[in-house]
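Structural characterization, general
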Amino acid sequence: MKDLADLLRHHPFAEGLDEDTLALVAGCAKNVVLQPGDYLLREGAAADSFYLVRHGAVALETFVPARGPFTFLTVKTGEIVGADWLIPPYRSSFDARAVELTRAIAFDGKCLRGKCEADPRVGYEMMKRFIPPLVKRLQSARMQALGMYDAANA
Amino acid sequence: MAAQMDGATAILTVEGLEALLQAIQAHGYRTIGPILQDQAILYGDVSSTNDLPRGWTDEQDGGRYRLMRRGDDALFGYSVGPHSWKKYLHAPKLRLWTAERRGDDISVAPEPQPDDRLAFIGVRACEIRAIEIQDRTLVGDLYADPHYKALRERALIVAVNCGQAGGTCFCASMQAGPRVKQGFDIALTELLDGDEHLFLVETGSDEGRVLMASIAHRAASEDEIEAAEGVIERTESSMGRDMRSDDLNELLMSNLEHPRWDEVATRCLTCANCTLVCPTCFCTSVEDVSDLTGERAERWRRWDSCFTMDFSYIHGGSVRASAKSRYRQWMTHKLATWIDQFGSSGCVGCGRCITWCPVGIDITEEVRAIRGCDASAEEPQ
Amino acid sequence: MPQTLEACAPPLHPMAPRMTPVTRFIRESEEVFTFDLAPERAMPFAPGQFNMLYAFGVGEIPISISGDSKAPERLTHTIRAVGPVSAALGRLKAGDRIGLRGPFGAGWPIDAYRGFDVLLIAGGIGLAPLRPVIYWLLRHRAAYGRVGVLYGARAPDDLIFRGELDEWRRTPDFQLRVAVERAGPEWMGDVGYVTPLLSKLRFDPADTVAMICGPEVMIRATALTLEDAGVADSRIFVSMERNMKCAIGHCGHCQFGPLFICKDGPVHSYDRLRNLLACREL
């Protein structure tokens, strides 16, 4: 697991994480390479993984009948894909598709949840890393939902 | 244009005042002054002292105005009415230009500048201040309003020191009156003592001196000068309202979310009366009109009010949709942000907005409430 | 300290438009169009200044100049058709004449920040008032540090200046990120709100000047994000919109607290606006 811990150490997600914890959570991780068009997550399927994008771009999308897939967020280098693994029933609420060659660290959600349960300190470290991007995404999603560009001035 | 007072004083009788009016007209002026009309003292054309509201006064309070008989023949024995001189200098409705299409060519002809010479008779100290404030707004910046400028430059001001303070007056609080100090050609103080009815006259410009030189008058005595002083002092000490005004910019702008704005909004009808009677409110809108053939178009300017929804409309809606925000805009502009914009308060303490508010909202009261003082504790008795 | 051009002699009738021919008309998207005006004499303007445009018999609206300040003999305006006047302007064709007054207001102080990193953040049609700054930066590229442009739009079909976006994307030392709120699979750019993309740009916050033009909610969110990143509030500039009838400080409509958007702005530094933007319905 040494290699994975190394990869993890260079991702912003792991910034400031102590070596022991790093090694512990790396035990739930594996390195993946995704080709353009590969799906990381499928809407409605079990959300047993989340991904730290090391390099590349992933589109979060949903399919609209008669109109096709709609992307509502692109996730890029240094960011996280997938939050549904955190909450029961661990089911993915959207599709995640690689739009270019993407290298990522995939985490086994069940494995990591177990380690967090076992050691709340690890759980808290993980939460501190998950909540900020999720809150920021929520803020952005609100702005997008308002569709305020229509009100822009000239 | 009128200048500083030069200290020369003279005495005119009522007949002398008549002669002065005639002399002003002979100088080519259209004389405009107080007249009785529609159960109020308004401003309109006056051709002689007989047109003035002789023996009338007014009683004013929040949302209340009533004409009353005086016990004497005073010609200027009233406080200011609903009109102000802005109705002449800053026209309520004005065509700005006319455009005509001839084939592919469109020509735009600006409205010619007026060459009227207006003489305002009976201008109060607060009104001179108001005109000076409008000067700053409409001609004192990068762009000058040509219509206003043309009329203003030619206007003659015959001021009157107030012989009484109205029920809603607070010019003393705004340092705008009641004494006429500047900005006049001729200033009068009406002296009524038994059967004697005189006017102490000061001149404030060359034109004022020329006019006075053209009519019969005599020098004022020490007693008469003292009597005129007494009139002004009595007025100053009997203001119907008062308002601390030295800290309003900071006070109001640091209280933009004060609960009082919500409270006043429950009373305010957003009728815009206060902005129409205010002698300094200058806001306007424009209307573009075209004839049925589409060959001719005009742009008109008309008074507007920050109390309307349209005033702040941008694509999508009005920026100030609530009554609270519109009242707050009016009052904070008048008393606070005006200072940032134009170097002085926009309020002259004339009290018109209090008198002509249909629900009697009192700007001095609103300031007191925001200041956090108990209003009743500040009233004498 | 937004910059204004040295005022030339104010016209005798500042409210009277000069009828000016349209020389070019381009449709940018379904709702947005661009046209050029050829004034009789070149009309020097600063990036960020605006003109009042009059559609015969219909009315007049304020529109920022979206063209190059180096070529003031041609005045370019980019407009979204949302009301009767803008809709009338949208029906113009080359050779038609419209009324022109301007230029008005204080523009982007780009000249005053030579040597700085420059960030431009635009939302929707807000890219139009910033395009003169982009032209300026491309022309004076060596005088500035890193340059980054973020542009947010509703969907790929709503993007304006598409040909130029491609050019700018290919320009060396010119960071451009375009984010749309939603897109189909053919869109290869960013999807999401525009503000988070700031983290993707390289700039030194201590030596950065930022300019924002877009809806007010975007201005607020973006200014805060820039401050969080360490950009001084006095070096964040935003362009504001309010109702305007005269553009010369007389009609009173465009007031925003102590400011007249028409003559103190439309571009203001954020340190002057912060408290005003925080107050609803001001």
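Note that the structure is predicted; figures quoted are calculated from it, not measured.

**Comments concerning the overall build of chain B**
Summing up its helical and strand segments, chain B has 13 helices and 16 strands in all. For chain B, the C-alpha radius of gyration of 22 Å lies close to 21 Å, the compact-globule estimate for 381 residues. Principal-axis analysis of the C-alpha atoms places the extent of chain B at approximately 65 × 65 × 35 Å. Across the 381 residues in chain B, those meeting the buried criterion constitute 46%.

**Thoughts on the interface of chain B and chain C**
At the junction of the two partners, chain B supplies 38 residues and chain C supplies 33 residues. Residue assignment for the side of chain B that touches chain C shows that the elements contributing at least two residues are strand S6 (93–102), strand S7 (105–110), strand S13 (284–290), strand S15 (313–314) and helix H10 (323–342) of chain B. Split by residue class, the side of chain B that touches chain C holds 21 nonpolar, 11 polar and six charged.

**A closer look at helix H4 (residues 216–228) of chain C**
Helix length check: H4(C) (13 residues) gives 18 Å between terminal C-alpha atoms against 18 Å at 1.5 Å per residue, within 8%. Looking at the buried positions of H4(C), the neighbouring elements they touch are helix H4 (120–146) of chain A together with strand S7 (117–123), strand S11 (208–213), strand S12 (236–239) and helix H5 (270–277) of chain C. Once H4(C) ends, the next one or two residues include C:Gly230, with phi positive near 105 degrees.

**Description of unusual backbone geometry**
A negative phi angle characterises most non-glycine residues, just as the trans form characterises most peptide bonds. Residue and element names in this part refer to chain B. In this structure, Pro-178 follows Gly-177 across a cis peptide bond, with omega equal to 5 degrees. Within the secondary structure, Pro-178 sits in the loop between strand S9 (156–161) and strand S10 (186–193). Residue Asp-38 is not a glycine yet carries a positive backbone phi of 50 degrees. With respect to the helices and strands, Asp-38 occurs in the loop between strand S2 (30–37) and strand S3 (40–45). Exposure remark for Asp-38: the 9 C-beta atoms within 10 Å place this residue in the exposed category. Positive phi outside glycine occurs at Ala-272, with the angle close to 80 degrees.

**Here we look at the sheet that holds strand S4 (residues 59–64) of chain C**
Residues and elements named next belong to chain C. Spatial ordering of the open sheet is given by S4-S3-S6-S1-S2-S5, a layout of six strands whose pairing is antiparallel. Of all the strands in the sheet, just S4 and strand S5 (75–80) have a single pairing partner and so form its edges. Each adjacent strand pair in this sheet contributes to an overall mean axis angle of 40 degrees, direction not counted. With six bridges connecting them, strand S3 (residues 50–55) and S4 associate as antiparallel partners. Paired with Met-52 across the strands is Pro-62, a residue of S4.

**Remarks on the nonpolar core**
Formed by 223 residues in total, the largest nonpolar core has its most connected members in A:Val58, A:Val81, B:Val158, B:Ala159, B:Cys171 and C:Leu120. Contacts of B:Cys171, omitting those with residues within four sequence positions, involve B:Ala125, B:Cys126, B:Ala176, B:Gly177, B:Pro178, B:Val348, B:Gly349 and B:Cys350.

**Notes on the packing of helix H3 (residues 109–118) of chain A against H4(A)**
The packing of two helices is summarised by the inter-axis angle and the distance between the axes. Residues and elements named next belong to chain A. At their nearest, the axes of H3 and H4 sit 5 Å apart, and the two run at 125 degrees to each other. Classified by the angle their axes make, H3 and H4 are oblique. Contacts between H3 and H4 involve Leu-112, Lys-115, Cys-116 and Glu-117 on the former and, on the latter, Val-122, Gly-123 and Met-126. Looking at side-chain class alone, the contact of H3 with H4 contains four nonpolar, one polar and two charged residues.

**Section: the pairing of strand S14 (residues 296–303) of chain B**
Regular strands show a simple pattern: their side chains alternate between the two faces of the sheet. Residues and elements named next belong to chain B. With seven bridges joining them, S6 and S14 adopt antiparallel strand pairing. Opposite Ala-99, over in S14, you have Ala-297 as the bridge partner. The pairing of S13 with S14 spans seven bridges and is classified as antiparallel. Bridge assignment links Ser-285 to a residue of S14, and that residue is Arg-302. A loop of five residues connects S13 with S14, the two strands running antiparallel in sequence, and Gly-294 in this loop sits at a positive phi of about 75 degrees.

**Section: the sheet that holds strand S10 (residues 190–191) of chain C**
All names here are of chain C. Taken together, the seven strands give an open sheet; going across it, the order is S10-S9-S8-S7-S11-S12-S15, and neighbouring strands pair in mixed fashion. If you trace the sheet from one side to the other, it starts and ends with S10 and strand S15 (267–269), each paired once. In the sheet, S12 pairs with S15 via three bridges, with the strands oriented antiparallel. Considered in S15, the bridge of Val-238 is made with His-268. Against the sheet, H5 makes contact with S12 and S15, and its axis sits at roughly 90 degrees relative to S15, the strand it touches most.

**Side note on the domain arrangement of chain B**
Residues and elements named next belong to chain B. According to the domain assignment, chain B contains domain 1 (9–236) and domain 2 (248–378). The interface of domain 1 with domain 2 comprises 37 residues on the first partner and 32 residues on the second. Secondary structure elements with two or more residues in the side of domain 1 that touches domain 2: strand S5 (64–69), S6 and helix H3 (125–138). Taken together, the residues of the side of domain 1 that touches domain 2 break down into 17 nonpolar, 11 polar and nine charged.

What counts as what
Residues numbered from 1 in each chain as written. Chains lettered and ligands numbered in written order. Predicted model: local features only at pLDDT ≥ 70, side-chain atom pairs only at ≥ 80, totals over all residues. Helix = DSSP H or I, 4+ residues; strand = E, 2+ residues; numbered from the N terminus. Rg over C-alpha atoms; globule rule 2.2 N^0.38 Å. Buried ≥ 20, exposed ≤ 12 C-beta atoms within 10 Å, placed from the backbone. Contact = placed C-beta atoms within 7 Å. Nonpolar A, V, L, I, M, F, W, Y, C, P; charged D, E, K, R; others polar. Expected span 1.5 Å × (residues − 1). Pairing = 2+ DSSP bridges. Axes fitted to C-alpha atoms, helices over the stretch in contact; angles between N-to-C directions. Core = buried A, V, L, I, M, F, W, Y, C linked by C-beta atoms within 7 Å. Parallel < 35°, antiparallel > 145°, perpendicular 65-115°, else oblique. Domains from an automatic or database assignment.

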